[in-house]
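The residues making up each chain are set out below.
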Amino acid sequence: MNTVKRVVITGVTQGLGRAMVDRFDELGWIVHGCGRSINKVEELRAEFANHDFEAVDVGDAQAVSRWADQVLNAFGAPDLLINNASIVNRNEPIWSISDEEFADVMRINVNGTVNVIRSFVPAMIDAQRGMIVNMSSGWGREAEAELAPYCASKFAIEGLTQSMAMELPESIGVVALDPGGGIQTSMLAACGPQYMSGSPTPETWSRAAVPYILRLTTKDNGKSLTCPRVG
């Protein structure tokens, strides 16, 4: 008998996260997703009654813990965890970025990833199975002018993932995953509009990316990977 697979995805209300919801739904997976927009979460609930969506700011450790407790108590550990939620700074030299803006990028992109790991991964370890995907970026491996906070956050994800890989038991794996170049999202439109032309939509990207993610195994533990280029 086939067992229903479950995936936890952060940042599902737009962009890559929203597109992945469609793909996992088509494949018969159950999605436990979160996003900061209450209105968009309500729209997802109305469209996907068989899935589970909550309005959660991943940068709020207590909110993430409450969300995780709800999911784990009701359904147990997920088979797959995708840390997708992130934000980008406005294009400015690092010395022009305020303390508040820099802190907010790090709070969501780095602390948020850690909050989700801290809240879900112990249950995955207890279940002795699962894969964790920490979404990185080409800007987590190569710098870009006027995006220092975002680059710093994604470079941090790369290092965090490599260290985490050394700490996990052999039954669990974690990778840092670059989406594979520019994708036509609101984030790219804001910070790198010059890259929008010719870039795939999240829909197109997800049709290659989700199968790629599902082929990952513990043999990939600790790797910095890149989704196949599409579009």
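Residues numbered from 1 in each chain as written. Predicted model: local features only at pLDDT ≥ 70, side-chain atom pairs only at ≥ 80, totals over all residues. Heavy atoms only, no water.

1. Section: a nonpolar patch on the surface
- Taken together, the side chains of Ile-94, Trp-95 and Phe-102 present a nonpolar region at the surface, about 360 Å² in accessible area.
- With respect to the secondary-structure elements, Trp-95 resides in the loop between strand 4 (80-83) and helix 4 (99-127).
- Overall, the relative accessible area of 73% leaves Trp-95 in the exposed class. (Patch = residues over 30% accessible without salt bridge, like charges linked within 9 Å, V, L, I, M, F, W, Y side chains within 5 Å. Areas by Shrake-Rupley, 256 points an atom, 1.4 Å probe, with all protein chains shown as cover. Salt bridge = Lys/Arg side-chain N within 4 Å of Asp/Glu carboxyl O. Helix = DSSP H or I, 4+ residues; strand = E, 2+ residues; numbered from the N terminus. Buried < 20%, exposed > 50% of the residue type's maximum accessible area, 1.4 Å probe, protein only.)

2. Observations regarding the sheet that holds strand 5 (residues 131-135)
- Judged by pairing direction, the sheet is parallel, and its 7 strands sit side by side in the order 3-2-1-4-5-6-7 without closing on themselves. Single-partner strands in this sheet number two, and they are strand 3 (52-55) and strand 7 (224-226). The average angle at which neighbouring strand axes cross in this sheet is 20 degrees, direction not considered.
- Pairing analysis gives 4 bridges linking strand 4 to strand 5, with the strands arranged parallel. Bridge pairing in strand 5 places Ile-82 opposite Val-133.
- On top of the sheet, helix 3 (residues 61-75) reaches strand 1 (6-10), strand 2 (30-35) and strand 3; it is set at about 170 degrees to strand 2, its chief contact.
- Lying over the sheet, helix 7 (residues 202-214) contacts strand 4, strand 5, strand 6 (173-178) and strand 7, oriented at roughly 130 degrees with respect to strand 4. (Pairing = 2+ DSSP bridges. Axes fitted to C-alpha atoms, helices over the stretch in contact; angles between N-to-C directions. Contact = heavy atoms within 4.5 Å.)

3. Observations regarding the side chain of Asn-83
- One can find Asn-83 in strand 4.
- Judged by relative accessible area, Asn-83 falls into the buried class, the value being 3%.
- Engagement of the side chain of Asn-83 in a polar contact is seen with the side chain of Asn-134, the distance being 3.0 Å.
- In this structure Asn-83 touches Thr-10, Thr-113, Val-116, Ile-117, Ile-132, Val-133, Asn-134 and Met-135, once residues within four positions along its chain are discounted. (Polar contact = N/O pair within 3.5 Å; in protein donor to acceptor, adjacent residues only side chain to side chain.)

4. Remarks on the packing of aromatic side chains
- For the structure shown, the criterion picks out 4 aromatic pairs.
- Plain terms: the ring middles of Trp-139 and Tyr-150 are 6.3 Å apart, the flat faces sit at 85 degrees to each other, and that makes the pair edge-to-face. Here the residue Trp-139 occupies a position in the loop between strand 5 and helix 5 (148-167), and Tyr-150 occupies one in helix 5, the gap between them amounting to 11 residues. For the residue pair Trp-139 and Tyr-150, the accessibility class agrees, reading buried in each case. (Phe/Tyr/Trp six-rings, centres within 6.5 Å; stacked < 30°, edge-to-face > 60°.)

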